[in-house]
Each structure stands twice: as structure tokens, then as C-alpha cells.
Amino acid sequence: MVMNQKMAVPSVLPKISLKQLEGLVVVTDIEECWETSKGVLKQKLSDLYENRLNEKNIPLPTRFWIENQFLMDRWDVHYYRYQQSDIFKQLKYKIRNENWVKLRDVCEILTHTLSPIDYWDKQIRYVGLKHIDAQQYKIVTTETVLFNKVQSRARYVLQENDILVGVVGPYIGESNHPLAFVNKSYQGAIASSAFTVIRAIKISPYYLLWCLNHPLVKFQMKMKRRGQWQIMIGLESLKNLYIPIVEISKIQLIEDWLEKLLNT
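The notes below deal with the structure included here. All figures in this text were calculated on a predicted structure; none of them were measured in a lab. (Residues numbered from 1 in each chain as written. Predicted model: local features only at pLDDT ≥ 70, side-chain atom pairs only at ≥ 80, totals over all residues. Heavy atoms only, no water.)

## Focus on the overall build of the chain
Consideration 1: A tally of regular secondary structure across the chain gives 10 helices and 12 strands.
Consideration 2: In the chain, once contacts between residues fewer than 6 apart in sequence are set aside, the share between residues at least 24 apart is 77%.
Consideration 3: Carbon and sulfur atoms make up 53% of the accessible area of the chain, which amounts to about 16,400 Å² in all. (Helix = DSSP H or I, 4+ residues; strand = E, 2+ residues; numbered from the N terminus. Contact = heavy atoms within 4.5 Å. Areas by Shrake-Rupley, 256 points an atom, 1.4 Å probe, with all protein chains shown as cover.)

## Looking at helix α8 (residues 215-224)
Consideration 1: Taking burial as the measure, the 10 residues of α8 include 10 buried ones, the bulk of the element.
Consideration 2: What α8 keeps buried is the set Pro215, Leu216, Val217, Lys218, Phe219, Gln220, Met221, Lys222, Met223 and Lys224. (Buried < 20%, exposed > 50% of the residue type's maximum accessible area, 1.4 Å probe, protein only.)

## Quick look at the environment of asparagine 263
Consideration 1: Among the structural elements, asparagine 263 can be located in the segment after α10 (248-262).
Consideration 2: In this structure asparagine 263 comes out as exposed when scored by relative accessible area, which is 55%.
Consideration 3: Counting along the chain gives 80 residues from asparagine 263 to asparagine 183, while the straight-line C-alpha distance between them is 8.9 Å.
Consideration 4: Side-chain polar atoms of asparagine 263 contact the backbone oxygen of glutamate 259, separated by 2.6 Å. (Polar contact = N/O pair within 3.5 Å; in protein donor to acceptor, adjacent residues only side chain to side chain.)

## Here we look at the pattern of salt bridges
Consideration 1: Applying the stated rule across the entire model yields 7 salt bridges.
Consideration 2: Between arginine 199 and aspartate 162 there is a salt bridge, with the nearest N and O atoms lying 2.7 Å from each other. Of this pair, arginine 199 sits in strand β11 (residues 195-200) while aspartate 162 sits in the loop between β7 (154-157) and β8 (163-166), and the two are 37 residues apart along the sequence. Across this residue pair, the class does not change: arginine 199 and aspartate 162 are buried.
Consideration 3: Ionic pairing is found between lysine 260 and aspartate 256, a salt bridge with its closest N-O pair at 3.5 Å. Remark: aspartate 256 and lysine 260 occur in helix α10; sequence separation between them is 4 residues, near one turn of the helix.
Consideration 4: Residue lysine 260 is classed as partly exposed on the basis of its relative accessible area of 44%.
Consideration 5: Linked through salt bridges whose partners overlap, the residues forming this network are Glu174, Lys222 and Arg225. (Salt bridge = Lys/Arg side-chain N within 4 Å of Asp/Glu carboxyl O.)

## Digging into the packing of aromatic side chains
Consideration 1: Overall, the coordinates contain 5 aromatic pairs when judged by the stated rule.
Consideration 2: Consider the rings of tyrosine 49 and tryptophan 210, whose centres lie 4.5 Å apart with planes at 20°: the pair is stacked. Taken as a pair, tyrosine 49 in the loop between α2 (30-47) and α3 (77-83) and tryptophan 210 in helix α7 (residues 205-212) lie far apart in primary sequence, 161 residues in all. One exposure class covers both tyrosine 49 and tryptophan 210, and it is buried.
Consideration 3: A ring pair is formed by tyrosine 119 and phenylalanine 147, whose centres lie 6.0 Å apart and whose planes are at 35°; its orientation type is tilted. (Phe/Tyr/Trp six-rings, centres within 6.5 Å; stacked < 30°, edge-to-face > 60°.)

## A short note on the packing of helix α4 (residues 86-97) against α8
Consideration 1: Where α4 contacts α8, the axes come no closer than 11 Å and their chain directions differ by 120°. By the angle between their directions, the pair α4 and α8 is classed as oblique. The handedness of the crossing between α4 and α8 is left-handed. Packed against α4, whose contacting residues are Ile87, Phe88, Gln90, Leu91 and Lys94, the element α8 presents Leu216, Phe219, Gln220 and Met223 at the interface.
Consideration 2: Of the residues in the contact of α4 with α8, the class split is 6 nonpolar, 2 polar and 1 charged. (Axes fitted to C-alpha atoms, helices over the stretch in contact; angles between N-to-C directions. Parallel < 35°, antiparallel > 145°, perpendicular 65-115°, else oblique. Left-handed = near helix turned anticlockwise from the far one by under 90°. Nonpolar A, V, L, I, M, F, W, Y, C, P; charged D, E, K, R; others polar.)

What follows is the structure, given as C-alpha cells:
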């Protein structure tokens, strides 16, 4: 006698619950998809900073004593308010107890400028503040112009992997401080005197860009800037900025994410 037997077969069909379906994001535009991906990468890079500062709400003391810190070339009270703040004390602690180095020890900050005679009566690709996207850290366009028309402002011949840092304007040290990475397509373009150019020597340019966006590095920029009507930061102040050197695994992660961000 043959008996009917039922076999138990495990389900191999993939399943998704209705609850999970509610959280799906449907992207119909490839540009929107890219922008979403960029936003995720920027957030991941930001999450690697240990400090969370609100640049518009940095608590500064209103009363303080200055003992041996007074500098003959700094008569502005605002500079010393930053120097007496809790955030500055936090920065000093990190410099003493962690691996923070001066920018000048790992980078070259250009001081030599182009020779006008080499470009006179020639068309150049000119980069000013309006030609960069500070949120994306990119040069977005250039202006083709006769050198003679911008000779008083044209300063630096760009190389691939240079970083443009704004040194003039109201956003120095702010979240939207002008910063831009120079990719291969903008090599040979001429940058305005509103920037300085920093070239990485002992660290990668991607990691350098991440450091220049660090909240405590921007805090130093904000503290060291000068002027009321025309705000600026000097080259010596930039050279003496302290930047963090983190563990190699974290550096590699930063480099990978920033390379993806800047090439999408």
C-alpha cells in the first residue's frame, strides 16, 4: 500500500513586508539620485568630525583679563574674545594631547604669483569667487578673458589637486567658507587674488580638504581673520593653522569618500 506523504519545503522566495515598502524612496530622476548620493557622502564625512560647532552661536566671554597673550599686531578685542573662549581651550587641549600639526609643516601655501609678461595680451581662463560652488567644493566654471583686463587680480596658475581657499570676504571661517578642489580640467587656469592656493605635500589633497572643513580649523580661521568692512585672513595666519592627523584607516576612508564626492 502506497501512502500519500506531504513534504515540508522551506520557502526560498524573497519577501518584503508592507511596512518596509512604506519607507522606500522612489527616484525617477537620475540627477536627483546623484544629488541624494552626494548628500549621503557629505553627511558621512561630516559625521567623522568629533566637534559640533554652531558658527553663529559660539559662546564668547564679555569680560576677561589679558595677561601675557597681548600681541602688538592684534588690537582688535574680538580676537581675544575667541582666545578666551571654551572652544579655544578645547582646541589647545587637542593640540597638546592629540596629533595636530601646523598647516605649513604638511603643505605648501603659494606665495609666488604669475609673471604678467608671460600672459600679456593673451586669453586666460579666470577663476574668481563667483566661479566656485563652496557647498560642493568645486570650480563650476571659468571666465575666458583677456589677461590685461584682470591683471590687477589674476595671481596663481593652478595645478591639478590644488585647493583654493578664499582669503577675502564675509564668509571666512563660516560654514560656507569658499573652498574648491582643482581637478584636471582646470589645470592651467588663473585664480584671483581673492584666493590663496594650498598644495598638499605630506598628506593627500583629499584629506587636506577634509581638514580645512574641520569645525576647529574653521574656528581658527574665524578667530584670526581681520577687518570690519573688508574681512580677510593673512597667509601667515593660514600657515599657522593647526590641523588634525587622524589614524590611517580613517584617513583612507575620508580620501575614498571625498574622491567619490568630487568625481560624481
